[in-house]
Structures are given as structure tokens and as C-alpha cells.
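Here are the chains, one letter per residue:
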Amino acid sequence: MKKFSIAMLSMVLAGSMLLTGCGNSAPSTKDDTGADDAQQPQQTEGTLIMGTNATFPPYEFVDENSEVAGIDAEIANAIAGELGMALEIKDMEFDSLIPALSSGTIDIVLAGMTVTPARQENVDFTESYATGVQVIIVPEGSSIASPDDLEGKTIGVQSGTTGDVYCTDDYGRDHVKQYSNGALAVAALVNGQIDCVVIDNEPAKNYVAANQGLKILDTEYVVEDYAAAIAKGNTELHEKVDAAIETLKENGTIASIIAKYIPAEG
Ligand code: GLN
């Protein structure tokens, strides 16, 4: 039984390329070839709804056309293509992503989200597609030279992230100031309200490049795996996405998307 004609698939792919705007509605993915609808890969009427927090460049950010762009948007688009689905992206607070998954508002999260045992109690993670590192941003000339120097300091983090969790565990809640996104934490650092920011390395590089007088410490705080999150029990989608990620790793798509945004160093 034919699932999607090539023409149909390219239409869906072309449609989904246009679909990276927040909350845009999906084009129809209805098969007009007369193929058996029940045989089509379907999730929420042929549209994969991804949640993210678009303040995490280069994984996700709002581009000059007010659309969500970046590594995760492109990987999700490629996953949706593998599944024969259109992609819709919803931009929301990082803290809201797991609840949105559990309530069924979204189907999948790609948000530079780290796999952690605590999150695994609430959601399932796919195969990992990238590595992240928690790093420390300080003003140039800061006395902080490594994680050992963070004791007693005021650390800015994005609320609900692993940086937040680790710093709270290691240095105490009183020393951790939560911001709703990384940009606000970095702005507070620039304004001298906090001593450092703990955040993932790639957004850190973007924020340091965009603000004078900041640097990233050489010592890595924690190394992590990023994966897509799916609601617990949604094994059908989970298996399909794992298979898609496998294919996209094997055929080099994921590596080339990452290389497009993160030029190899050295
Ligand atoms: N990797 C971190 C986490 O999962 C931060 C993700 C983010 O801020 N988008 O908590």
C-alpha cells in the first residue's frame, strides 16, 4: 500500500520548510492520491508539533523573519520528513516544555534538552543527537577561574535547566539566581548584578560574542547528552523518531546540520 507519493512527500517537505514560525498552522497533508489514510504515518493529523524555547542559539532562536530557526528546528524538520509529516513549532518557556508534552499540547521537544534521570521520570528520551557542555561565563578579569571558585558567588542560570539544578545542588539555592532565559541571565552579568552565568557551551559562545567584556572559562562544568523528549507511553512516535534519528545520523544529515551552525574549531 502506497503511503506517500514522492510528489506528495516533497510538497509536505516544502510546506514544512515554511513552517518554522511560532504557532503557524500546518498545511494540509491529506493525501490526494487516494492512498489509504489509515496506512499513513499520522500523529495529530499528519503534523508533528515540536515545542522549544527559542532563546538558545544556535540550537533555537528567532530569526530575522520572526521564525524559529536553528539546529533543533532543522533536525526536527528532517525527522518530520522521515515520518512523512509536516512540522509545527511552538515557542514556549523552557519550564513549560515537559508539562506541555505530558498534557499533549505538543508531540515532541527539541530544545537542547539534556537527558537526566529526573526528567526521565516524566518523559521518555529518544536516542541522543548532540552533546552539550555546561560552562561558566564570567566578566574578563573575574577572580573566578574554575568551578571551585563558585562557592559563595551569585550564579545566574536559566530557570529549570540542568545548569540551574547542578548549581543549586553544588552551591545552594541562595547563591543561584534564576532567569527565564539565558539572554536575561547574561544581561544581568553584564550589568554586574551576578558574578557568572552557568549555561550550555554553544549558547554561551553566542552570548559572549554578542556582549563585550565576557569570557568562557576553559574548565567544563558538566558534559551532557541532548535528546528529543516524547510523552511517556507514546511508544509509536518514540520508535519512529528513534529510527528517523538513526537514519539521519547514518546518512550524515544531523552532522551537516550541526556543522552548518557550529563550524569545526581548530
Ligand atoms: N541543556 C540544558 C537543559 O536541558 C539547557 C537547555 C535549554 O536551556 N534550552 O537543561
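Below or above, wherever it landed, is the structure these notes cover. No experiment lies behind these values; they were computed from the predicted model shown. (Residues numbered from 1 in each chain as written. Predicted model: local features only at pLDDT ≥ 70, side-chain atom pairs only at ≥ 80, totals over all residues. Heavy atoms only, no water.)

## Digging into the overall build of the chain
On a plain count of helices and strands, the chain comes out with nine helices and twelve strands. Taking all 266 residues of the chain together, 52% fall into the buried category. Contacts in the chain between residues far apart in sequence, at least 24 positions, make up 72% of those at least 6 positions apart. On the chain, roughly 11,900 Å² of surface is accessible, and the fraction owed to carbon and sulfur atoms is 49%. (Helix = DSSP H or I, 4+ residues; strand = E, 2+ residues; numbered from the N terminus. Buried < 20%, exposed > 50% of the residue type's maximum accessible area, 1.4 Å probe, protein only. Contact = heavy atoms within 4.5 Å. Areas by Shrake-Rupley, 256 points an atom, 1.4 Å probe, with all protein chains shown as cover.)

## Some thoughts on the packing of helix α2 (residues 71-83) against helix α8 (residues 235-250)
In a pair of packed helices, the angle between the axes and the distance between the axes together describe the arrangement. Look at α2 against α8: their axes get within 9 Å of each other, and the N-to-C directions meet at 110 degrees. In terms of orientation, α2 lies roughly perpendicular with respect to α8. Here α2 runs over α8; the crossing is right-handed. Residue-level contacts link I75, A78, I79, E82 and L83 of α2 to L237, K240, V241, A244, I245, T247 and L248 of α8. Looking at the contact of α2 with α8, its residues break down into nine nonpolar, one polar and two charged. (Axes fitted to C-alpha atoms, helices over the stretch in contact; angles between N-to-C directions. Parallel < 35°, antiparallel > 145°, perpendicular 65-115°, else oblique. Left-handed = near helix turned anticlockwise from the far one by under 90°. Nonpolar A, V, L, I, M, F, W, Y, C, P; charged D, E, K, R; others polar.)

## Digging into the site of the ligand
Of all residues adjacent to the ligand, which total 13 residues, the nearest are G112, T114, R119, T162 and D200. The contact in question runs from a nitrogen atom of the ligand to an N or O atom on the backbone of G112, over 2.8 Å. Contact distances for the ligand include 2.8 Å between an oxygen atom and a side-chain N or O atom of R119. When the ligand is considered free in solution it has 290 Å² of accessible area, and contact with the protein chains removes 100% of it. Class assignment for the residues of the shell around the ligand results in five nonpolar, five polar and three charged. (Near = heavy atom within 4 Å. Polar contact = N/O pair within 3.5 Å; in protein donor to acceptor, adjacent residues only side chain to side chain.)

## A look at the nonpolar core
If you look at the biggest cluster of nonpolar residues, it comprises 33 residues, and the most contacted ones within it are L48, I75, I79, I108, L110, Y129 and V241. Broken down by secondary-structure element, the contributors of at least two residues to this core are β1 (47-52), α2, β5 (86-91), β7 (123-139), β12 (222-231), α8 and α9 (253-261). Not counting residues up to four positions away in its chain, the partners in contact with Y129 are D72, I75, L110, A111, G112, Y226, A227, A228, I245, K249, I254 and I258. Grouped together as the second largest cluster of nonpolar side chains are 16 residues, I49, I106, A229 and A231 included. (Core = buried A, V, L, I, M, F, W, Y, C linked by side-chain atoms within 4.5 Å.)

## Some remarks on the packing of aromatic side chains
Scanning all chains against the criterion turns up six aromatic pairs. When the centroid spacing of 6.3 Å and the interplanar angle of 65 degrees are considered together, the rings of F61 and Y261 count as edge-to-face. Placement of the pair is F61 in strand β3 (residues 60-62) and Y261 in helix α9, with a sequence separation of 200 residues. For Y261, a relative accessible area of 22% corresponds to the partly exposed category. Centroid distance Y166 to Y221: 6.3 Å. Interplanar angle 85 degrees. Geometry classified as edge-to-face. Separated by 55 residues along the polypeptide, Y166 in helix α5 (residues 162-171) and Y221 in the loop between β11 (214-216) and β12 bring together distant segments of the chain. On the basis of relative accessible area, Y221 is assigned to the buried category, the value being 14%. (Phe/Tyr/Trp six-rings, centres within 6.5 Å; stacked < 30°, edge-to-face > 60°.)

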